[in-house]
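Letter by letter, the chains look like this.
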Amino acid sequence: CASPAQQATVYTPTKARPVKKLSPVRPKPPRIDNSVNDAVESEPGDATPYSPSINVEPGTVVECIHEYKAVDDDELSFGTGDVITVVAWDSADEQDAGWFMGVLQGSGAKGAFPINYTRKYNR
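Residues numbered from 1 in each chain as written. Predicted model: local features only at pLDDT ≥ 70, side-chain atom pairs only at ≥ 80, totals over all residues. Heavy atoms only, no water.

(A) Representation of the packing of aromatic side chains within the structure. Under the defined criterion, the tally for this structure stands at five aromatic pairs. With 5.9 Å between their ring centres and 70° between their planes, Tyr68 and Trp99 make a pair best called edge-to-face. With a gap of 31 residues between them, Tyr68 in the loop between β1 (61–64) and β2 (83–87) and Trp99 in strand β3 (residues 99–104) connect regions that are remote in the sequence. The exposure class of Trp99 is buried, given its relative accessible area of 2%. When the centroid spacing of 6.5 Å and the interplanar angle of 85° are considered together, the rings of Phe78 and Phe113 count as edge-to-face. Taken together, the residues Phe78 in the loop between β1 and β2 and Phe113 in strand β4 (residues 110–114) connect sequence positions 35 residues apart. (Phe/Tyr/Trp six-rings, centres within 6.5 Å; stacked < 30°, edge-to-face > 60°. Helix = DSSP H or I, 4+ residues; strand = E, 2+ residues; numbered from the N terminus. Buried < 20%, exposed > 50% of the residue type's maximum accessible area, 1.4 Å probe, protein only.)

(B) Representation of the pairing of β1. The alternating pattern of β1 places Val61 and Glu63 and Val62 and Cys64 on opposite faces, both of which are buried. Bridge count for β1 against β2 is three bridges, and the pairing is antiparallel. Within β2, the residue paired with Val61 across the bridge is Thr85. Pairing analysis gives three bridges linking β1 to strand β5 (residues 118–120), with the strands arranged antiparallel. Considered in β5, the bridge of Glu63 is made with Arg119. (Pairing = 2+ DSSP bridges.)

(C) Structural detail: the environment of Glu75. The topology assignment puts Glu75 in the loop between β1 and β2. Owing to a relative accessible area of 8%, Glu75 belongs among the buried residues under this scheme. Linking Glu75 and Gly102, residues 27 residues apart in sequence, is a C-alpha distance of 9.2 Å. Within the local environment of Glu75, its side chain forms a polar contact with the backbone nitrogen of Val71, the two atoms lying 2.9 Å apart. (Polar contact = N/O pair within 3.5 Å; in protein donor to acceptor, adjacent residues only side chain to side chain.)

(D) Main features of the environment of Ala88. Note that Ala88 resides in the loop between β2 and β3. Looking at Ala88, the relative accessible area reads 46%, which means it is partly exposed. Between the C-alpha atom of Ala88 and that of Gly102, which follows or precedes it by 14 residues, the distance is 7.8 Å. Not counting residues within four places of it along the chain, the set of residues in contact with Ala88 comprises Pro58 and Met101. (Contact = heavy atoms within 4.5 Å.)

Right, here's the structure in full:
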């Protein structure tokens, strides 16, 4: 009789079940500097990063202070110094805490972005 280590396990492939596609839930935006984000919520004209818990109204223009590479198709990729105009979500159900919808100036690309990668744009 073979020992358990010598016995081979045989797997029989089964027909794959369809997977229900759920709308993705974005993780909380990464923290850049906990001391800054916990201490302040940017005021107009302030150069500190926005806190993920702040409410930013559509039409607000923000400057990117960190590079971000999109993870999902509905996200924006941007570099330091890029400018984004915050726009309303197509559906309020899509918005996750700390994420906003915006249009990247110059390219016109639209997508979600983590607000704590930005600060109030001072022209």
